[in-house]
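So you can see what is in the structure, the chains are spelled out below.
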Amino acid sequence: EVIPEKKDDASINFVTRLGGLGLGQGEERFLVLNARVRDDTGIVRYGDIIALRCRMARDRCLGLDTESGELRLGRSLIGNAERWELVPVKGNYRRGDCLRSGDAVGFKPAVLLSGYYLGVSDDAPCMVRNASSWILIQAGSPRWPSWLEERKYLSGNFLLDTERGDDDTHREDLVDDVLSALAGTEGGLVRAALNTTTTLSKPDSSRLVFRIESDESNKDLADFDLARRCVSTGEAYCRLRSFAASRLRYERGRVAHALAAEIRRYLREYLVFIAQLESKKRQNKLRLQELVYWLQRPASSLKALDKCRRSIASPALKGGALLLALLSFREEAADDEELKIANELTKAAAEPYLNMLNTWLSSGILDDPYGEFLVVDSQANKHFTNYWWETNFTQRPELAVGPTLKSRCWQICIIGKYARVLTTSGHDEFSFSITFDEMANETDDGPLSARLDIAHRNVSTALFRLVMQENKSAELVMELKKYFLCGQGDVFANFMELADNELNSRKVQVSTNRLDSLLQLALAISGRPSSAPRLKIHLTQRNLLDHLRAVHGHAIDEDEDSMLLCADAIELDLQVKWPASILVPSKCLIKYQLIFRHVFRIKRLERSLLQVWSNHMATNILLENKSSGLRAKLAKPFHLRHRMLHFIQNYAYYLMFEVIETRHTHLRDTIDASSTLDDATANHDRFLDLVLRDCLLTNHSLFALLAQLTDICERFTIAARRFADAAFLDTDDTHTRRISRSERLKLRRSHLERAVKAASHYFESVDEQTIDWTNSLERFLDRLLAECHLQHHSHLVDLYNRLQF
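Residues numbered from 1 in each chain as written. Predicted model: local features only at pLDDT ≥ 70, side-chain atom pairs only at ≥ 80, totals over all residues. Heavy atoms only, no water.

Draft legend 1. Inspection of the overall build of the chain at higher detail. What the chain contains, in helices and strands, is 28 helices and 17 strands. Of all 805 residues assigned to the chain, the portion counted as buried reaches 46%. By sequence separation, contacts in the chain at least 24 residues apart represent 67% of the contacts at least 6 residues apart. (Helix = DSSP H or I, 4+ residues; strand = E, 2+ residues; numbered from the N terminus. Buried < 20%, exposed > 50% of the residue type's maximum accessible area, 1.4 Å probe, protein only. Contact = heavy atoms within 4.5 Å.)

Draft legend 2. Structural view of the pairing of strand 7 (residues 84–88). Of all five residues that make up strand 7, four are buried, and the element is covered over most of its length. Inspection of the sheet shows strand 4 (residues 49–54) paired to strand 7 by two bridges, in the antiparallel sense. Looking across to strand 7, one finds that I50 is bridged to W84. Of the strand pairs in this sheet, strand 7 and strand 8 (residues 104–109) are connected by five bridges, and their pairing is antiparallel. When the sheet's bridge partners are listed, V87 is paired in strand 8 with G106. (Pairing = 2+ DSSP bridges.)

Draft legend 3. How the structure looks around the nonpolar core. Residues Y353, F495 and F780 are the most contacted members of the largest nonpolar core, which totals 195 residues. Leave out the neighbours within four places in its chain, and Y353 touches V255, G320, L323, E372, F373, L374, L399, A400, V401, L405 and M439. Formed by 18 residues, the second largest nonpolar core is a distinct cluster that contains L52, A57, L99 and F107. (Core = buried A, V, L, I, M, F, W, Y, C linked by side-chain atoms within 4.5 Å.)

Draft legend 4. Broad picture of the environment of D516. Inspection of the secondary structure puts D516 in helix 18 (residues 512–525). Residues D516 and H538, 22 residues apart in the sequence, show an inter-C-alpha distance of 8.9 Å.

Draft legend 5. Structural view of the pattern of salt bridges. Inspection of the entire model under this criterion finds 35 salt bridges. The closest approach of N and O atoms between R549 and D546, which form a salt bridge, is 3.9 Å. A residue pair is termed a helical-turn pair when its members lie 3 or 4 positions apart in one helix, as R549 and D546 do in helix 19 (residues 544–552) at three residues. Overall, the relative accessible area of 31% leaves D546 in the partly exposed class. When salt bridges with common partners are traced through the structure, they connect D568, R601, R604, D711 and E714 into a single cluster. (Salt bridge = Lys/Arg side-chain N within 4 Å of Asp/Glu carboxyl O.)

Draft legend 6. Layout of the side chain of D568. Topologically, D568 is positioned in helix 20 (residues 566–569). Here the side chain of D568 touches R601 through a polar contact of 2.6 Å, side chain to side chain. Leaving out residues up to four positions away in the same chain, D568 has contacts with R542, N543, L544, R597, R601 and E714. (Polar contact = N/O pair within 3.5 Å; in protein donor to acceptor, adjacent residues only side chain to side chain.)

Draft legend 7. Structural view of the packing of helix 9 (residues 336–363) against helix 12 (residues 409–424). As a packed pair, helix 9 and helix 12 sit with axes 6 Å apart at the nearest point and diverge in direction by 55°. Judged by the inter-axis angle, helix 9 sits oblique to helix 12. Contact residues: L357, W360, L361, S362 and S363 in helix 9; I412, C413, I415, G416, K417, A419, R420 and T423 in helix 12. A breakdown of the residues in the contact of helix 9 with helix 12 according to their chemical character gives seven nonpolar, four polar and two charged. (Axes fitted to C-alpha atoms, helices over the stretch in contact; angles between N-to-C directions. Parallel < 35°, antiparallel > 145°, perpendicular 65-115°, else oblique. Nonpolar A, V, L, I, M, F, W, Y, C, P; charged D, E, K, R; others polar.)

Draft legend 8. How the structure looks around the side chain of R309. Relative to the helices and strands, R309 resides in helix 7 (residues 296–311). On the basis of relative accessible area, R309 is assigned to the buried category, the value being 10%. Reaching out from R309, the side chain makes a polar contact with the side chain of D306 at a distance of 2.7 Å.

Draft legend 9. How the structure looks around unusual backbone geometry. Of note, R58 is a non-glycine position whose phi angle comes to about 60°, a positive value. The backbone of L696 shows a phi angle near 70°, a positive value even though the residue is not glycine. Position of L696 among the secondary structure elements: in the loop between helix 23 (677–694) and helix 24 (700–727). For L696, a relative accessible area of 1% gives the class buried.

Draft legend 10. Seen up close, the packing of aromatic side chains. Following the criterion strictly, the structure yields 16 aromatic pairs and no others. Measuring from centroid to centroid gives 5.5 Å for F647 and W773, while their planes differ by 90°, and the two rings are edge-to-face. With F647 in helix 22 (residues 629–673) and W773 in helix 27 (residues 760–788), this pair connects stretches of sequence that are 126 residues apart. The buried category is assigned to F647, whose relative accessible area is 2%. Linked through ring pairs, F484, F495, Y592, F596 and F600 together constitute an aromatic cluster. Between R265 and the ring centre of Y266, over which it is positioned, the NZ or CZ distance is 4.8 Å. (Phe/Tyr/Trp six-rings, centres within 6.5 Å; stacked < 30°, edge-to-face > 60°. Lys NZ or Arg CZ within 6 Å of the ring centre and 35° of its normal.)

Draft legend 11. Broad picture of the pairing of strand 6 (residues 71–75). Alignment of strand 5 (residues 60–64) against strand 6, held across four bridges, turns out to be antiparallel. Bridge pairing links G63 to R72 in strand 6.

Draft legend 12. Layout of the packing of helix 16 (residues 489–498) against helix 18. Interaxial distance between helix 16 and helix 18 falls to 8 Å at its minimum, and their mutual angle equals 140°. Considering their axes alone, helix 16 and helix 18 lie oblique with respect to each other. In this structure, helix 16 crosses over helix 18, and the sense of that crossing is right-handed. For the pair formed by helix 16 and helix 18, the contact residues are V491, N494, F495 and L498 on the first element and L515, L518, L519, L521, A522, L523 and I525 on the second. Considered class by class, the residues forming the contact of helix 16 with helix 18 number ten nonpolar, one polar and no charged. (Left-handed = near helix turned anticlockwise from the far one by under 90°.)

Draft legend 13. Structural view of the environment of V459. Along the polypeptide, V459 turns up in helix 14 (residues 447–470). Discounting chain neighbours no more than four positions away, the residues touching V459 are I415, Y418, L422 and F430.

Draft legend 14. Representation of a nonpolar patch on the surface in the model. Together, L498, L521 and I525 make up a nonpolar patch on the protein surface, roughly 250 Å² of accessible area in all. A relative accessible area of 34% places L498 in the partly exposed class. (Patch = residues over 30% accessible without salt bridge, like charges linked within 9 Å, V, L, I, M, F, W, Y side chains within 5 Å. Areas by Shrake-Rupley, 256 points an atom, 1.4 Å probe, with all protein chains shown as cover.)

Draft legend 15. Local environment of helix 9. With 28 residues, helix 9 ought to run about 40 Å at 1.5 Å a step, and its terminal C-alpha atoms sit 39 Å apart, in line with that. The sharpest bend along helix 9 reaches about 40° and sits at E351, with the proline P352 one to four residues further on. The N-cap of helix 9, judged by a side-chain oxygen 3.3 Å from the amide nitrogen of E337 a few residues on, is D335. Note on helix 9: the residue one or two positions beyond its end, G364, has a positive phi of about 75°. (Expected span 1.5 Å × (residues − 1). Bend = angle between axes of the 7 residues up to and from the residue.)

Draft legend 16. Representation of the confidence of the model for the chain in the model. Confidence along the chain averages 80 in pLDDT terms, with 84% of residues attaining 70 or more. Every residue in residues 164–172 is under pLDDT 50, and counting partners more than four places away or in other chains gives 16 contacts. (pLDDT = per-residue confidence, 0-100.)

Draft legend 17. Local environment of the state of the cysteines. Under the definition given, this model contains zero disulfides. No disulfide involves C54; its sulfur sits 9.7 Å from that of C61, the nearest cysteine. (Disulfide = S-S within 2.5 Å.)

Draft legend 18. Just the environment of H639, in detail. The residue H639 is located in helix 22 in this model. A residue is classified by how much of its surface remains accessible, and H639, at 47% relative accessible area, is partly exposed. Measuring from C-alpha to C-alpha, the distance between H639 and T770 comes to 9.2 Å, with 131 residues separating the pair along the chain.

Quick look at the structure:
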């Protein structure tokens, strides 16, 4: 078991020791991983190179310290120190044989010399010279007692023992020995042996044969030929008995349990028949020829059962996969007897699967402890949250039985999820029942498909009423539009005014708590009720353009930009409560955040350019003399500001009115007209996709050109603000207030002239920015026109006409 220990530096260290209750609790669970192929899933075999990962130890792997040779749980990555080779320690096994739950194995490390194995010394796990026996048991399954397999006469495996003597045997006549062989035991003349012609590496019931032994003096070829025909039925009985016993282990699953129970029912009826024959033998009324006659029908049944056993003998078959193998055998039945037995076996084995299916569709409860159903519960989160809704239940089409369930696997998963939410919210369970004939024989477009469509529509409608009406999700959509899409402009106008210094500072210099406080103040000024969901501010690691490039480039590590401004890193966050989060999942919230960052940047640039315009208007009174050099000097920044303001204002109008407002009005209409949650969710997701497309966030080339234009605007506003701070005279001092207005204007004009002469670098930067702006705008408009000519980008025509005007 794994035990956490606290170090002196308050860090947590995980150590291993012998202990635990052996019940598969969290500290006793290890995940067996293929150390060579990361995503490998399937059967574990002897000779495999594996790694043992413990989730309780924060997904760290069991490994060796290469210096001290001690066991450790040091890291989650799989290196040579975490690699172990599975070696057999008991039984006649070899490399490549399947490892079963309950088998004894040894662990050989990959980093030490040969001869070292994982063992025990002084009641502690360590490395030893001789291979120790460790038993691997599937976590969560009750332990299978070892004596059930070690007592050979209880399990019937005594027949596989090739070294037994003749002390317990006795020579009787041939009929007695044949009857004993038919019941799975041996006699004096009929002896059990292992077939040496097969290539199997270990004793197995499929290798068991009965051989008739006799002296040449008393050998009757006709009798012994009849006896050989009879004992083949006993061999089939032994194989079926061993197969049924192997499928009774807990981890085999309920489908295998039901199949084994049905096979054992056949075998019980067969043993009753053998007992009747033995009764006739004791009355001396049974001869060998009569035995062959009476055995014809039972032999045919056992032959069909044994043929079915061979088709499903793979240990990997479980649950739905086992039922699919049974259905495949039924389709390939050679005669009526095989078809009858295949139907009965498949119907009995499908009963637990149908119970799981009907329970899932009716109440959303997944009663699948052994992983046999077409829906799997990851159990990552047991609470109803958006993360639970998106990740907890996933589908496995390979375990779907029948064409209808396979094609409607996604629909069955959704129906159960919807029913789970409704039943936990106090809604009555839905009545839904699927029979075996519907599941196995139904075509893809039959009545069962129509019933699933009706059930899907019913649960979706009920959940739609729960989410939209009882939890007021429609109001949440309007709330998102107000704040994430800047629909209520006074909030962010107040916020930009209150947090102007913070927004113009670097991100590393700004406190998130202060930004949160200023946002709450702006919300309170706008009259937002305190009971509404709390909006929070989050600072990202990249600006919007780099973030989109990282998303499309599938980047994982986020390198923090220390020069990033707070205004370019700001992002809104909102905790959506359950079950309203079904309509607004995390992926939709991410799309809202991308749109908000884009709109917020455009609004902030518009505000900055308007401040520059206000400063320029304040200088008009100082430029009354047209012959003055000031007018000619300031004409270039005035003209550049005019072009930039025209572009940003028209683009902002396009975003707010032609995109967001128009699309959101259509969204409200479609949600009001929706009757199911699926329709509302699909309409909401489509609305966000269209807004992202119309805002150019999905067009990488256009958005990169737009980002260049906004960067030039931002550099110009910063330079214009610095020039304005130096050019305007403070008129609030005592000396300036005492002089007349004409003298004050002369004083301001002279101060402006000195500032213009001293700010030569400002006008040089304006010239450079004018060239950059002209070139970037030309490239943007050319690219925009080219996109307008494409069939699916006709929505950009309005934007082009507005910006080209």
